[in-house]
Amino acid sequence: MENWKEALDRGVLAVSVKTEAMVESGRVRSALTAARRDMEAAVNDLGFQYYNGWLSGGLDDAALLAACQRVQEIHGEVLALQNRLDRIQAGRRTAEGAAFCAACGKKLIPGSRYCDGCGAPVGR
Ligand SMILES: [Zn+2]
């Protein structure tokens, strides 16, 4: 009697962890799409500033610097979001039991909390 109940609880937990990861990855994915769009706009703006400067015969260094800094700022956001998405997806693969150790690359035993190759803790 206890066994099926425990197994059910474990299953429900696994499903909710998976669903949570899916919801979270959807959220991060749309933030990433928006950040990439902003990045594209910022790069376009930088190009336009440069072109305008060239047209008028004098590049505006302050405007170009500001445009470059804007690109750099958004690029940082894009990289951080991509990194977060990668980590969520690595965690989801772990939940699905087809994960590999991030530290040594050894195939992980489904459900294990530590790599049996190098002892590194397995991400969520
Ligand atoms: Zn390992």
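Student: With reference to specific residues and values, describe the overall build of the chain.
Tutor: Tallying secondary structure elements over the chain gives two helices and zero strands in all. Residue burial in the chain is summarised as follows: out of 124 residues, 7% are buried. Put simply, of all contacts in the chain between residues at least 6 apart along the chain, 49% involve residues at least 24 apart.

Student: Could you give an account of the environment of S25, with specific residues and numbers?
Tutor: Looking at the element boundaries, S25 is found in helix 1 (residues 2-55). For the pair S25 and L85, spaced 60 residues apart in the sequence, the C-alpha separation amounts to 6.1 Å. Among all residues touching S25, those that are not within four sequence positions of it are L85, I88 and Q89.

Student: Kindly report on the environment of A41, identifying the contributing residues and their values.
Tutor: Following the sequence through the fold, A41 ends up in helix 1. Accessibility expressed as a C-beta count within 10 Å gives 13 for A41, which makes it partly exposed.

Reading guide: rules and limits
- Residues numbered from 1 in each chain as written.
- Predicted model: local features only at pLDDT ≥ 70, side-chain atom pairs only at ≥ 80, totals over all residues.
- Helix = DSSP H or I, 4+ residues; strand = E, 2+ residues; numbered from the N terminus.
- Buried ≥ 20, exposed ≤ 12 C-beta atoms within 10 Å, placed from the backbone.
- Contact = placed C-beta atoms within 7 Å.

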